[in-house]
Amino acid sequence: MMPRSVLLQLARDSIQEVLEAKRTINKAALLRKHPLLNQMIATTVNIYIDNKLRGSSKTKIPSFTLLEDIIRNAKISAFEDKSFTPISTSEYLSCEIEILITTPDGVISEKDPSILKTTSYSLGKDI
């Protein structure tokens, strides 16, 4: 299994591509480095802000490669979920992204914390 962070980074990069209006994902390089991305796997991408659902997109039947499915579902959940307005840059920076991958052994779930941390730090023994 590949590092999960690759999948979460792919979802983040997919949304960022739309916000910045430029292509940054090198699909060929990712496929060379992570052959599992070539497999047909159904995914769900959920976006949360303050632990509340902000967008979601799910593939029911695996009809895309894992690479394409994550890119597709990330963009749909961020910009095309009819229950929400398209995500803004500030929302993107403070959102959590969750990926659910359906495998023969069950569902694998991964969550990526927001880029901007909203927690305040208290002075303690770590300082």
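Q: I tried to follow the packing of aromatic side chains on my own but got confused; where do I start?
A: Geometry of an aromatic ring pair is reported as the spacing of the ring centres plus the angle between the planes. For the structure on display, the rule yields zero aromatic pairs. For Arg 12, the ring lying beneath its charged end belongs to Tyr 92, and the centroid distance is 5.4 Å. Stacked on the ring of Tyr 48, the Lys or Arg Lys 111 has its end atom at 4.1 Å from the ring centre.

Q: Teacher, can you tell me more about the confidence of the model for the protein chain here?
A: Detailed reading of predicted coordinates is not advised where the pLDDT is low. Put simply, the protein chain has an average pLDDT of 87, and 88% of its residues get 70 or more. Confidence drops under pLDDT 50 across residues 118-127; counting only partners more than four residues distant or on other chains, this segment forms one contact.

Q: Help me understand the side chain of Asn 46, please; the structure alone is not making it clear to me.
A: With respect to the helices, strands and loops of the structure, Asn 46 is situated in strand β1 (residues 43-49). By relative accessible area, which is 8% here, Asn 46 ends up buried. Setting aside its immediate chain neighbours within four residues, Asn 46 contacts Leu 53, Gly 55, Ser 56, Glu 96, Ile 97, Glu 98 and Leu 100.

Criteria and thresholds
- Residues numbered from 1 in each chain as written.
- Predicted model: local features only at pLDDT ≥ 70, side-chain atom pairs only at ≥ 80, totals over all residues.
- Heavy atoms only, no water.
- Phe/Tyr/Trp six-rings, centres within 6.5 Å; stacked < 30°, edge-to-face > 60°.
- Lys NZ or Arg CZ within 6 Å of the ring centre and 35° of its normal.
- pLDDT = per-residue confidence, 0-100.
- Contact = heavy atoms within 4.5 Å.
- Helix = DSSP H or I, 4+ residues; strand = E, 2+ residues; numbered from the N terminus.
- Buried < 20%, exposed > 50% of the residue type's maximum accessible area, 1.4 Å probe, protein only.

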